[in-house]
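Chain and residue survey
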Amino acid sequence: SSRPPRLSFSRNKEVPMTMKSHEEEKLAEDENSNSEDPETNSVNVLSHDEIDLPWSVRIKEVFSTFWPLGFVAFGGPQAHVAILRDHLVDQRKWMDEESFTELFAIGQGLPGPTSTQLVVSTALARAGPLGGLLAFFLWNLPGLVVLTLCGVLISSYIDPDNPPFYLIGLPPAAISLVFKAFYGFSAKLDTIGICLALTSACVAIFINGDEVIQPKSSQYIFPCMLVAGALITLADSKREKPLGKYKAPSKGWDAENDMTIKRIGIPLWVGGLIIFLWVFILVLVIILDHTLETNNEYLEIFEVMYRTGSIIFGGGQVVLPLLEAEVADWMTNNQFYQGLGLAQSMPGPLFNFSAYLGAVYKGVPGALIAYVGLFGPGVILIFGIMPFWARLRHVTWFKVVLHGLNATAIGLVGAACVILWEAVVSNAADAIVFCFAGTLSVAFNIQAPYTIVAGGILGAILSKYAVSLGQVPY
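Residues numbered from 1 in each chain as written. Predicted model: local features only at pLDDT ≥ 70, side-chain atom pairs only at ≥ 80, totals over all residues. Heavy atoms only, no water.

**A short note on the overall build of the protein chain**
From N to C terminus, the protein chain includes 18 helices and 0 strands. For the protein chain, with 474 residues in total, the buried portion stands at 51%. By sequence separation, contacts in the protein chain at least 24 residues apart represent 75% of the contacts at least 6 residues apart. Just so you have it, the protein chain exposes about 22,200 Å², and 64% of that area is on carbon and sulfur atoms. (Helix = DSSP H or I, 4+ residues; strand = E, 2+ residues; numbered from the N terminus. Buried < 20%, exposed > 50% of the residue type's maximum accessible area, 1.4 Å probe, protein only. Contact = heavy atoms within 4.5 Å. Areas by Shrake-Rupley, 256 points an atom, 1.4 Å probe, with all protein chains shown as cover.)

**A few points about the nonpolar core**
Counting 123 residues, the largest nonpolar core has Phe66, Leu84, Leu340, Phe353 and Leu357 as its most contacted members. Sort the elements by how many residues they give to this core and helix α15 (residues 353-392) lands first, with 19 residues. Sequence-distant contacts of Leu340, defined by excluding residues within four places in its chain, comprise Ala174, Ile175, Leu320, Leu350, Phe353 and Leu420. (Core = buried A, V, L, I, M, F, W, Y, C linked by side-chain atoms within 4.5 Å.)

**Brief notes about unusual backbone geometry**
Of note, the phi angle at Lys93 is positive, near 60°, even though the residue is not glycine. Within the secondary structure layout, Lys93 lies in the loop between α3 (76-91) and α4 (97-108). Look at Ser468: it is not a glycine, yet its phi comes out positive at around 55°. Structurally, Ser468 can be placed in the segment after α18 (448-462). For Ser468, a relative accessible area of 38% translates into the label partly exposed.

**Points about the side chain of Ser176**
Looking at the secondary structure, you find Ser176 in helix α7 (residues 170-186). Beyond its immediate sequence surroundings of up to four residues, Ser176 is in contact with Phe434, Ala437 and Gly438.

**A word on the side chain of Thr308**
By the secondary structure assignment, Thr308 is in helix α12 (residues 297-311). Excluding residues that lie within four positions of it along the chain, Thr308 makes contacts with Val319, Leu322, Leu323, Glu326 and Leu374.

**Describing the environment of Val270**
Here Val270 lies in helix α11 (residues 268-291). Take Val270: its relative accessible area is 23%, and that puts it in the partly exposed class. C-alpha separation for the pair Val270 and Pro387, spaced 117 residues apart in sequence, amounts to 8.7 Å.

**Some points on α7**
An ideal rise of 1.5 Å per residue puts 24 Å on 17 residues; α7 measures up with 25 Å between its terminal C-alpha atoms. Of the positions making up α7, those classed as buried are Leu170, Pro171, Pro172, Ala173, Ala174, Ile175, Ser176, Leu177, Val178, Ala181 and Phe185. (Expected span 1.5 Å × (residues − 1).)

**Let's talk about the pattern of salt bridges**
A complete count under the given rule lists 6 salt bridges for this structure. Its salt-bridge partner being Arg239, residue Asp236 comes within 3.2 Å of it at the nearest N-O pair. A relative accessible area of 43% places Arg239 in the partly exposed class. The network of salt bridges with common partners includes Glu303, Arg307 and Glu326. (Salt bridge = Lys/Arg side-chain N within 4 Å of Asp/Glu carboxyl O.)

**What about the packing of aromatic side chains?**
Taken as a whole and assessed by the stated rule, the structure comprises 15 aromatic pairs. For the pair Tyr371 and Phe375, a centre-to-centre distance of 4.8 Å together with 50° between the ring planes defines the contact as tilted. With Tyr371 and Phe375 both in helix α15 and 4 residues apart, the pair spans about one turn of that helix. Residue Tyr371 shares its accessibility class with Phe375, and that shared class is buried. Members of the aromatic cluster, connected to one another through ring pairs, are Phe136, Phe351, Tyr371 and Phe375. When the ring centre of Tyr361 is taken as reference, the NZ or CZ atom of Lys362 above it lies at 5.6 Å. (Phe/Tyr/Trp six-rings, centres within 6.5 Å; stacked < 30°, edge-to-face > 60°. Lys NZ or Arg CZ within 6 Å of the ring centre and 35° of its normal.)

Remember that the coordinates give geometry; whether it matters functionally is a separate question.
This is how it looks when you write it as structure tokens:
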């Protein structure tokens, strides 16, 4: 039987306050009993009234929810999570706070773009696999289209060694946001996390500036550092007085009784096949491109992006030092950093930057291949891991390993700050734009698009095409 409508006591002036308080407490207990199993303490994403909604209605809800969000999702991963929470938890009541946090934790524990994985997992919990794919497409579409178009136009009509005045200020403004991201990440690290981040940052800087070790060796060294970070935190957690602060494992969802798990509709064996598919594609493209040396530029694009997307923990900012080394032969530094500025000013995840890189190198086909390659691992894994998550969250060592992976990845963002500064800031005008944009973003909390535009305007004014100030090279 359906639950009776909730009474509005504020309008019934004849009911005594003591009676109203008692009735409200009873209703609250009834709601809790409908959403939480006292034995498993598992939380149902769906309210009682929404359980019987047909799939066709739910898929329409996914479309109507996510198609406008793709146009307004500015501000980076933290802002994306806040936007999603506001729409899905507060406004549409798709799920409660605990369920939303669980889904966010899944994305944090996997390689790939965290906010995009949160989009996919929430839509997956609402309307199944097709709902997850639809939300992924709608979330990324505006940024994908604009950055692909920009990449084609920049590679076709703009001299890479002599950029126009309106693009000069974008790179230093863009890297100021990378510095901000690193500060936000590093402020949350504990003692062992700081040590791991410092080590990975120093190694990454060393690789970038050594005459013997080539920058492309990062494709082997960075994954090894991530594994080492995980093992170090695992060993530290077993000490009597560990340096790190490790959270207790969550009780997670009940895979047998939770309505969300059933609605997702992916059994364990299918999840295992999906994870195997991710590994199979990774091994196959590496063998084809490196071992067999298949001379195909499109395969090269896909291999670089897919391999990079498979080892990136921590979101879009972490991917920058890896991509910079990998695409050095595809474009000039100016083209790379101009695209970074454009990507920072677009809605959606920073991983859309892959479309720009592919477009500069090989036009629209290159953009689509790069886009699928970089997003592919994270999206595949979010589908594959969902059936296993209720069990993995019970395991203490799993949370500890994630702690080390994330701390090591944050160090790569710190290295990116040093490397990007050296490559982008070539004179006093660039440094002024960097400081100006960073102040707008950090001190005044100005959103990324406006920060990038303001930095671009200041860079144009200071350039040799206008007042020509601060042009003495460092």
